[in-house]
Amino acid sequence: MHIVAATDTLTTATFIHQTSKSKKLDKNDKKPLMYNAGISTALSIISSYTIDKLTQKPAQKFIEKFKKANKNDPNLAEYLEGIKIAKPILIMGVVYYTLIPIISTFVSDKLDKITNKS
């Protein structure tokens, strides 16, 4: 998760920088795009880590039950490693591609309206 979070932060910062310097975009379009990118990234990372933390105990219970059900399987260690890898990836995927685009679009639009009134 840390690598994905760091990569996402770096690419978002690069996107925001390039958007702010772009001469091809209308000035009124730049701020909402930059807000959306920043909000999306921040919410995605915070939500992913929070959900991962909240699901640690249920995931551990699942792993213990899985171990008992498959105790004689020679590939058990590989399966367990796969579960540990898949959980944060699934969480980040759902958060990043489903929840955050809806929330960040709404918030960035509202933030743009507030900043344009000033």
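Above this text sits the structure in question.
Here, residues in each chain are numbered from 1, in the same order as that chain's written sequence. Since the coordinates come from a predicted model, pLDDT governs what is reported: local features require at least 70, and pairs of side-chain atoms require 80 or more to be given and counted, while whole-chain, interface and lining totals use all residues. Hydrogens and water are ignored here; the side-chain numbers use all heavy atoms of the structure.

Engineer: I would appreciate a short explanation of the overall build of the chain in the present structure.
Structural biologist: Think of it this way: any DSSP run of H or I at least four residues long counts as a helix, any run of E at least two long counts as a strand, and we number them from the N terminus. Helices and strands together make up the secondary structure of the chain, namely four helices and zero strands. Start at the N end of the chain and walk to the C end: the helices and strands fall as α-α-α-α. Rg of the C-alpha trace for the chain: 20 Å, well past the compact-globule value of 13 Å for 118 residues, more than 25% over. Principal-axis analysis of the C-alpha atoms gives the chain an extent of 65 × 25 × 15 Å. To sort residues, take the accessible area from a 1.4 Å probe on protein chains only and compare it with the maximum for the residue type: under 20% means buried, over 50% means exposed, and anything in between is partly exposed. When each of the 118 residues of the chain is scored for burial, the buried share is 23%. Two residues qualify as a contact provided that any one of their heavy atoms is within 4.5 Å of a heavy atom in the partner residue. A separation threshold of at least 6 residues defines the contact pool for the chain, and within that pool the share at least 24 residues apart is 66%. Only the protein chains shown count as cover for residues, and the accessible areas themselves come from Shrake-Rupley with a 1.4 Å probe. Of the roughly 8,700 Å² of accessible surface on the chain, a fraction of 66% belongs to carbon and sulfur atoms. Each radius of gyration is computed over the set of C-alpha atoms, and the globule rule expresses the reference value as 2.2 Å times the number of residues to the power 0.38.

Engineer: Hey, could you run me through the side chain of Thr-19 in this one?
Structural biologist: With respect to the helices, strands and loops of the structure, Thr-19 is situated in helix 1 (residues 2-21). Accessibility expressed as a relative area gives 5% for Thr-19, which makes it buried. Under the rule applied, a polar contact is a pair of N or O atoms within 3.5 Å (in protein, one hydrogen donor and one hydrogen acceptor; residues adjacent in sequence only if both atoms are side-chain atoms). In terms of polar contacts, Thr-19 uses its side chain to reach the backbone carbonyl oxygen of Phe-15, at 2.7 Å. Not counting residues within four places of it along the chain, the set of residues in contact with Thr-19 comprises Leu-25, Lys-30, Leu-33 and Met-34.

Engineer: Hey, could you run me through the environment of Phe-15 in this one?
Structural biologist: Relative to the elements of secondary structure, Phe-15 occurs in helix 1. For Phe-15, a relative accessible area of 38% puts it in the partly exposed group. As a C-alpha pair, Phe-15 and Lys-30 span 15 residues in sequence and 11 Å in three-dimensional space. When residues no more than four places from it in sequence are discounted, the contact partners of Phe-15 are Leu-33 and Ala-37.

Engineer: Can you walk me through the pattern of salt bridges in this structure?
Structural biologist: Whenever Lys or Arg places a side-chain nitrogen within 4 Å of a carboxyl oxygen from Asp or Glu, that contact is recorded as a salt bridge. Counted according to the given criterion, the structure contains two salt bridges. A salt bridge links Lys-67 to Glu-64, with the nearest nitrogen and oxygen atoms 3.6 Å apart. Residue Lys-67 and its partner Glu-64 are both found in helix 3 (residues 56-69); the two are separated by three residues, about one turn of the helix. Judged by its relative accessible area of 34%, Glu-64 is partly exposed.

Engineer: Just to check I follow, could you spell out helix 1 for this structure?
Structural biologist: Residues three or four positions apart in an α-helix share a direction because the helix packs 3.6 residues into each turn. Any helix carries an expected span of 1.5 Å times its number of residues minus one. Over its 20 residues, helix 1 extends 29 Å from the first C-alpha to the last, a length consistent with the 28 Å expected when each residue adds 1.5 Å. Among all positions of helix 1, only Ala-5, Asp-8, Thr-12 and Thr-19 are buried. For helix 1, the arc enclosing every buried residue in end-on projection is 65°, short of the 170-degree limit, so these residues lie on one face. Turned more than 90 degrees off the buried face of helix 1, the exposed positions are His-2, Ile-3, Leu-10, Gln-18 and Lys-21. Note that the arc is computed from the directions linking the helix axis to the C-beta atoms.

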